[in-house]
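# Descriptive analysis of the structure
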Amino acid sequence: MTTLNTVSYSFMVNGEVCGFLKPKRGIRQGDPLSPYLFILCGEGLSSLIQQFVRNQWITGMQIAPTAATLHHLLFADDSLFFGKATEEECQQYQNILYTYEIASGQRVNLQKSCVAFSRHMNMDKQLELAEILGMERVEKHDRYLGLPTHVGRKKTASFNYLKEKLTKKVVSWRAKLLSGAGKEILIKAVAQTVPMYVMNCYLLPVGFCDDLHQLCAGLWWGDTGEKNKIHWRSWERLCVPKHEGGLGFKNLHWFNLAMLAKQGWRLIQNSNSLIVSLYKAIYFSTAKDIAIGTILAPPPPVDPMCKLWKAIWNAKVPGKVAVHTWRSCANILPTRANLLRKGYEGEMGCLMCNHILEDNMHLFLHCPYAQETWSTASIPNNAANHVNLQDWLLTLVGTVTKDVFAKVLIIMWSIWKNRNTQLWENKRQRPSEAALLSLGWLTEFTAINTSSLGTTVGRQKKWEKPRHGWYKCSCDGAFVTDIHRGGSGVVIRDEHGQFRAGAGKVLVQVTSPFHAELIALLEGLKLAETLHISKIVFETDCLLLQQAVSQPDTDLSTLGTIIAEVKEFLHRYADFRVLHVPREANRVAHILANHALNYSESQSWFVVAPEFVRDVILSDCSH
């Protein structure tokens, strides 16, 4: 009490300690001493109740002849009292609470408290005793510590709130565009953790667990309120670990049993606890201690596909690419051959080459479109030596590096993406363009995930001045998918970071973001030539673009002509450099390219005045 009565506080004002304040209401909120004081008060309440028990002023409750007497359970600020339903005992509990209030200053909130009685007790008597206690009478306490206090034979009804909670989450997730990897994370990290707390103490009905499984399965396969999608694989098979060909989802029933087994282990290990003494008195008062024997089981058979599954999930590729490859190897992609097994009666031919049957082997390996894509990516395709896609990928796992295997997965994803675009939009990329764009995406993904390991969260790299005698040209492109319209932005600055020239252009009939980025770089090269600048570094935040103009091979894609023109500039001027920089270092060109989208086609070019980008440039420089 001296610690509480003698405390005072001073204040720091402009770095100086000023005055002091002596509190009159005890310690401040959040003081580290508060939890200890609360525990001390709780110990005082517990000792007070035990004193009343010793004096036989209250009797508590005995659930079995040999069981210990229960009179109270305390957890944080939740208190559960047990007593005999008599006027005298109710009055004694009021005395306990009043004494505790006077001693500690903490008053029980009777509006938030309630009392429940044995179901065989007269209702008039219940109401009379509830009035003495000053509390509301209820049939049963709804929950204690977040768990139902009474579970009868209708267990499903008792736990239905879990199903309602999960249903609300699933409905909200369905409205979002989520990839397979995103759905996997939500199911594992959120959906399947909803009932976990309850499963620590209660055995949920098997049918109830199946209902929760159905909600998760519907989310995974893309069910909507109006229409259910094809469930290509049973939930039990999805619950198989990833290295065995599944997705590693939880089977809630078996997980429930495992969590209850943990509680059983705690009962065995903590044989002197209160709950163990109660369980012994009720269920096995005459039973002897049971010994934990050793069970020897034969080792599981070795799955030859285990090596492939591990390689897929360990590959350094985006999550949706790994999920797509898993579905391909499990032969549960919605190809026309697989749809035939589900009742599909439409066209069966390949969408890319009109082959008689579209199945996994043909789509990814035998189709001319796929073969040209593999050839552009410089990945050998020895499809003739393999009977199925799994066999082909399993061979690659043992013969190529991890980087090459990642490229294989990204190319497979690109082929499937173009197949779907052909189906739904009647268009597709050329094989060379598909390979180039997908490999560029993989390179950017790898670079971002590698560089982020050693960086500080929240740090941004700003634009840096060029060295003495040099210039820098920031280039960026913007793209609007729906109308195939784009914009380019180019800004040239000198060695002091001063604005020298800039221009924006409206781009029409642009086919992709890469197309817009490529034109922006070409316009930057032309502007530098017009200004007779020979020593200049061109910066772009598109890694794919930097790679495309740096490699010596001839590009055979639809944009090959523009790429060749850029390479001609770089060959003609020896001191022209093209570098890749983070997007944060390319902000000025990015703003300018988006600004160009607002202009009409008749204003295809507009020269930027220094005032337009002055404020952005000043905040963009790192010096």
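Before reading further, recall that the structure is shown in the block above.
As a starting point, this report considers the structure included with it. (Residues numbered from 1 in each chain as written. Predicted model: local features only at pLDDT ≥ 70, side-chain atom pairs only at ≥ 80, totals over all residues. Heavy atoms only, no water.)

### Let's talk about the overall build of the protein
The criterion, for reference: Working definition: helices are DSSP H or I runs of at least four residues, strands are E runs of at least two. Numbering for both runs from the N terminus. Only C-alpha atoms enter the radius of gyration, while the globule expectation follows 2.2 Å times N to the 0.38, with N the number of residues. Categorising residues by exposure relies on relative accessible area from a 1.4 Å probe, with only protein chains included: less than 20% of the type maximum marks a residue as buried, more than 50% marks it as exposed, and the intermediate range marks it as partly exposed. In this analysis, two residues are considered to be in contact whenever any of their non-hydrogen atoms come within 4.5 Å of each other.
A tally of helices and strands in the protein yields 25 helices and 14 strands. On C-alpha atoms alone, the protein measures out to a radius of gyration of 36 Å, which is more than a quarter above the 25 Å that the 2.2 N^0.38 rule sets for 623 residues. With respect to the three principal axes, the spread of C-alpha positions in the protein is 105 × 75 × 45 Å. Here the protein holds 623 residues, and 40% of them are scored as buried. Expressed as a percentage of contacts within the protein between residues at least 6 apart in sequence, the contacts between residues at least 24 apart total 65%.

### A closer look at the environment of N449
Looking at where N449 falls in the secondary structure, it is placed in helix α20 (residues 431-451). Counting along the chain gives 404 residues from N449 to L45, while the straight-line C-alpha distance between them is 55 Å.

### Notes on the packing of aromatic side chains
Stated formally: Any two of the Phe, Tyr and Trp rings considered here, Trp counted by its six-membered ring, make a pair once their centres fall within 6.5 Å; the pair's planes then place it as stacked at under 30 degrees, edge-to-face at over 60, or tilted in between. Two limits define a charge over a ring: the Lys NZ or Arg CZ must be within 6 Å of the ring centre, and within 35 degrees of the ring normal.
For the structure on display, the rule yields 11 aromatic pairs. Where F538 meets F576, the ring centres are 5.2 Å apart and the plane angle is 70°; that geometry is what we call edge-to-face. Of this pair, F538 sits in strand β12 (residues 536-540) while F576 sits in strand β13 (residues 576-580), and the two are 38 residues apart along the sequence. For F576, a relative accessible area of 4% translates into the label buried. Counting every residue linked through ring pairs, the aromatic cluster contains W220, W221, W235 and F249. A cation over an aromatic ring shows up here: R493 above the ring of W463, its NZ or CZ 3.9 Å from the ring centre.

### Things to note about helix α14 (residues 319-329)
One full turn of an α-helix is made of 3.6 residues, so residues set three or four places apart face in the same direction. Burial runs high along α14: nine of the 11 residues are buried. Inspection of α14 places V321, A322, V323, H324, T325, W326, R327, S328 and C329 among the buried residues, and these make up the whole buried set. Of the residues trailing α14, N331 is marked for its positive phi of about 55°.

### Notes on the packing of helix α7 (residues 180-189) against helix α9 (residues 206-221)
What counts, and what does not: Orientation is described by lines fitted to C-alpha atoms, with helices fitted over the stretch in contact, and by angles between N-to-C directions that extend from 0 to 180 degrees. For classification purposes, angles smaller than 35 degrees are called roughly parallel, those larger than 145 roughly antiparallel, those between 65 and 115 roughly perpendicular, and all remaining angles oblique. Crossing handedness is read from the near helix: turned anticlockwise from the far helix by less than a right angle, it gives a left-handed crossing, and turned clockwise, a right-handed one. Only Asp, Glu, Lys and Arg are considered charged, only Ala, Val, Leu, Ile, Met, Phe, Trp, Tyr, Cys and Pro nonpolar, and every remaining residue, Gly among them, polar.
Relative to each other, α7 and α9 sit at 160°, their axes nearing to 9 Å. One finds that α7 runs roughly antiparallel with respect to α9. Here the hand of the crossing between α7 and α9 comes out right-handed. Facing G180, K183, E184 and I187 of α7, the residues of α9 in contact are C216, L219 and W220. For the contact of α7 with α9, the residue count by class is four nonpolar, one polar and two charged.

### Structural notes on the nonpolar core
What counts, and what does not: Residues grouped as a nonpolar core are buried Ala, Val, Leu, Ile, Met, Phe, Trp, Tyr and Cys residues, joined through side-chain atoms within 4.5 Å.
Membership of the largest hydrophobic core comes to 79 residues, with the highest contact counts inside it found for W220, F364, W374, W392, L393, F405 and I411. Per-element tally for this core: the top contributor is helix α19 (residues 402-425), with 10 residues. Apart from the residues lying within four places of it in its own chain, the contact partners of W220 are G180, K183, E184, I187, L238, L247, F249, V323 and W326. A520, I533, L570 and V578 belong to the second-largest nonpolar core, a separate cluster that totals 31 residues.

### Notes on helix α3 (residues 87-104)
Filter applied, for reference: Take the number of residues in a helix, subtract one, and multiply by 1.5 Å to get its expected span. Think of the arc as the fan of directions from the helix axis to the C-beta atoms.
Spanning 18 residues, α3 covers 26 Å between terminal C-alpha atoms, matching the ideal 26 Å at 1.5 Å per step. What α3 keeps buried is the set E89, C90, Y93, I96, L97 and Y100. Relative to the axis of α3, the buried residues are bounded by an arc of 115° and lie together on one face. Seen from the buried face of α3, the exposed residues on the opposite side, beyond 90 degrees, are E88, Y98 and I102. On its buried face, α3 sits against α2 (34-54), β4 (78-81) and α4 (123-133). After α3 finishes, the residue G105 shows a positive phi value of roughly 85°.

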